[in-house]
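One-letter residues, chain by chain:
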Amino acid sequence: MSSRGAEAELILASAAVAARRDCSRTRAAALARGVDWERLVAMLLARRLLPQLGERILQSAGEDAPASFVAAVERALSQTRHQAALLQLVGARVRRALDAAGIRSLALKGPFLAEAIYGDPGRRASGDIDLLVAPGELQAAVTVARASGYASPTDHVPRGGLPLLHYTLHHERFQAPPLELHWRIHWYEREFARDMLARSIEDPPYGLRATPIDELAGLLLFYARDGFHDLRLATDIATWWDSCGGSIAPGALGELAARYPALERSLLCAASTAERVVGLPSEPLLGAGRRLRIRPRLAARLANPDGRGAATQSSADVALVDWLLTAPGGQLEFIRRQLLPPREVLGKRARARLERRVSQLGHGMRVLLRCGLSVAHLLRPLRRPTP
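As the structure is a prediction and not an experimental result, all values here were calculated from the model.

Here is what the cut-offs are and how they apply
Along each chain, residues carry numbers from 1 onward, in the same order as the chain's sequence is written. A pLDDT threshold of at least 70 governs which residues receive local features in this predicted model, and a stricter bar of 80 or more applies before side-chain atom pairs are shown or counted, although totals over entire chains, interfaces and linings include all residues. Only hydrogens and water are set aside; all other atoms, that is, all heavy atoms of the structure, feed into the side-chain values. Starting at the N terminus, helices and strands are each numbered in turn, a helix being any DSSP run of H or I of at least four residues and a strand any DSSP run of E of at least two. We compute the radius of gyration over the C-alpha atoms and compare it with the globule rule, which gives 2.2 Å times the number of residues raised to the power 0.38. Burial classes follow relative accessibility: with a 1.4 Å probe on protein chains only, a residue under 20% of its type's maximum area counts as buried, one over 50% as exposed, and anything between as partly exposed. Between N-to-C directions, angles cover 0 to 180 degrees, with each direction set by a line fitted to C-alpha atoms, over the stretch in contact for helices. Angular relationships are summarised with four words: roughly parallel below 35 degrees, roughly antiparallel beyond 145, roughly perpendicular across 65 to 115, and oblique for the angles in between. We call two residues in contact whenever any of their non-hydrogen atoms come within 4.5 Å of each other. For this classification, the nonpolar set comprises Ala, Val, Leu, Ile, Met, Phe, Trp, Tyr, Cys and Pro, the charged set comprises Asp, Glu, Lys and Arg, and every other residue, Gly included, is treated as polar. Centre distance within 6.5 Å is the pairing criterion for rings of Phe, Tyr and Trp, where only the six-membered ring of Trp is used; planes under 30 degrees apart are then read as stacked, over 60 as edge-to-face, and the remainder as tilted. Sitting over a ring, as applied to charges here, requires NZ of Lys or CZ of Arg to be within 6 Å of the ring centre and within 35 degrees of the ring normal. For two strands to be treated as a pair, DSSP must find at least two bridges joining them. A carboxyl oxygen of Asp or Glu within 4 Å of a side-chain nitrogen of Lys or Arg is what we treat as a salt bridge. In this description, a disulfide is simply a cysteine sulfur pair whose atoms lie within 2.5 Å.

Which parts of the structure should I look at to understand the overall build of the chain?
Within the chain one finds 19 helices and 6 strands. Scaling as 2.2 N^0.38, a compact globule of 387 residues should have a C-alpha radius of gyration of about 21 Å, and the chain matches this with 21 Å. For the C-alpha atoms alone, the extent of the chain along its principal axes is close to 60 × 50 × 45 Å. Looking at the chain as a whole, 54% of its 387 residues qualify as buried.

Here it is as structure tokens:
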């Protein structure tokens, strides 16, 4: 038995690419016979994985799955399908309004991608609408969204600049889901998202859709930005590969990484981590001989596929991964982003979490102390996840 427990091991096995799941089918069936089903449901719900992985676990368990687990999966799928229908309806309405204003927009993650790769928009829980627009059209996109009933965003914006990643808009009468208008998808890049949008093509019924290699790169960048925490994004990557991997030319990801040097560490590290965690075949994607250097190797060791630990420590792990993957010359931006964020950002976080506000220096010291614990974790022997 794996040290992670039968439930966690079954969850991990179910998140993998189809080829790995086929190889571990006997093991998964044996795990299903020994799990505590109530504990399994609780773990999947807490990690927001029940819609994504519930049906795969049912396939592994066969007749061993109790009726209560079947019912829990059906309830979760019903709930996420209703939410997905709302997100798709409102998202399509906003995109039509943007299109009418001459603004190209691309849906990121959410039910649009879930329908494309899972075949069911309810297979992935989402709570907001994520749209990518060109940096020069971001303010115009906010104006269009406001005409659709959304209030002005309150994100921190440096003088004369752009928000860190996106504007978050809430509906004035709370009659629609939150809307995030992105101008980029990772802290390190200012060109990739713009180019991804420019290269996107019409793909009914989804509207604009990124090219396959851009879409995969985007998922890998989301995974890296999230500090390789838990399995929601890793499962998306594995499912995307099963659905669309055949359209990727050998070495295409390595070539894309070379075109965007600031993203190279993140893309290579994310692909390598996804291979270890869910079986993404990284070498054919990256090309032969592409090996991780020391900093990305250390970042990969911080991957937390079981989602263990307190939220505060997970945030510190994200910060440490950020530092390890930051391209040369990006250290000052890292300090501003992770250690000394603006006072209004800290105040907004404190209000959202119902916590006492801390100073910039206090926040930075807390992050550094927790990063120290993460560094101690790096010194332990690497434990590979069981496929």
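Can you walk me through the packing of helix H10 (residues 212-225) against helix H12 (residues 252-259) in this structure?
H12 packs onto H10 with a crossing angle of 70° between their chain directions and a minimal axis gap of 10 Å. As judged from the angle between their axes, H10 and H12 are roughly perpendicular. The residues of H12 that touch H10, namely those facing Ile 213, Asp 214, Ala 217 and Leu 220, are Ala 252, Leu 253 and Leu 256. Split by residue class, the contact of H10 with H12 holds 6 nonpolar, no polar and 1 charged.

Which parts of the structure should I look at to understand the packing of aromatic side chains?
Aromatic rings in a pair are described by how distant their centres are and how their planes are angled relative to each other. Scanning all chains against the criterion turns up 3 aromatic pairs. Arranged with centres 5.0 Å apart and planes meeting at 75°, the rings of Tyr 223 and Phe 228 form a pair that is edge-to-face. The pair formed by Tyr 223 and Phe 228 is uniform in burial state, with each residue classed as buried. The ring of Phe 112 has Arg 95 lying over it, and the distance from NZ or CZ to the ring centre is 5.7 Å. Sitting over the ring of Trp 323, Arg 295 keeps its end group 4.4 Å from the ring centre.

Please clarify how the sheet that holds strand S3 (residues 166-169) should be interpreted in this entry.
Pairing between sheet strands relies on hydrogen bonds along the backbone, with the strands arranged either parallel or antiparallel. Pairing within the open sheet is mixed, and its 4 strands lie in the order S1-S2-S4-S3. The sheet terminates laterally at strand S1 (106-107) and S3, the two strands that pair on one side only. The pairing of strand S2 (residues 129-132) with strand S4 (residues 179-182) spans 4 bridges and is parallel. Each bridged residue has a counterpart across the sheet, and for Leu 132 the counterpart in S4 is His 182. The strands that helix H8 (residues 138-147) touches are S3 and S4; relative to S4, the one it contacts most, it runs at about 160°.

Would you take a moment to explain the pattern of salt bridges for this structure?
Think of it this way: side chains of opposite charge can pair up when their charged atoms draw near. Here the structure, examined in full by the defined rule, presents 15 salt bridges. The partner of Glu 7 in a salt bridge is Arg 39, and the shortest N-O contact between them spans 3.5 Å. Of this pair, Glu 7 sits in helix H1 (residues 6-14) while Arg 39 is found in helix H4 (residues 37-46), placing the two residues 32 residues apart along the sequence. The class of Glu 7 is buried, set by a relative accessible area of 9%. Of the charged contacts in the structure, one is a salt bridge between Asp 214 and Arg 199, with a shortest N-O distance of 2.8 Å.

Whenever I open this one, the environment of Cys 371 confuses me. Can you help?
Residue placement: Cys 371 occurs in helix H19 (residues 360-378). Between the C-alpha atom of Cys 371 and that of Val 278, which follows or precedes it by 93 residues, the distance is 26 Å. Not counting residues within four places of it along the chain, the set of residues in contact with Cys 371 comprises Ala 316, Ala 319 and Leu 320.

Help me out: how do you make sense of unusual backbone geometry in this one?
In terms of backbone geometry, most residues other than glycine have negative phi values and most peptide bonds are trans. In this structure, Phe 174 is a non-glycine residue whose phi angle is positive, near 55°. Locating Phe 174 in the fold gives a position in the loop between S3 and S4. Taking the relative accessible area as the measure of exposure, Phe 174 reaches 69% and is therefore exposed. Unusually for a residue other than glycine, Phe 228 sits at a positive phi of about 55°.

Whenever I open this one, the environment of Leu 106 confuses me. Can you help?
Tracing the backbone through its elements, the reader meets Leu 106 in strand S1. As for Leu 106 and Gln 313, which are separated by 207 residues in sequence, their C-alpha atoms are 33 Å apart. In this structure, Leu 106 is in contact with Arg 95, Asp 130, Leu 131, Leu 132, Met 196, Leu 197, Ser 200, Leu 208, Arg 209 and Ala 210, ignoring residues within four places of it in sequence.

Would you take a moment to explain the packing of helix H5 (residues 50-61) against helix H11 (residues 232-244) for this structure?
Angle between the axes and distance between the axes: these two values describe a pair of packed helices. The N-to-C vectors of H5 and H11 enclose an angle of 60°; their axes lie 11 Å apart at closest approach. Comparing the axis directions of H5 and H11 gives the class oblique. Only Arg 232, Thr 235, Asp 236 and Thr 239 of H11 make contact with H5, whose side of the interface consists of Gln 52, Leu 53 and Arg 56.

How should I be thinking about the state of the cysteines in this particular structure?
Such a bond, covalent and formed between the sulfur atoms of two cysteines, is termed a disulfide. A complete count under the given rule lists 0 disulfides for this structure. The structure places no disulfide on Cys 269, whose sulfur is separated from the nearest cysteine sulfur, that of Cys 371, by 16 Å. Residue Cys 269 is classed as buried on the basis of its relative accessible area, which comes to 0%.

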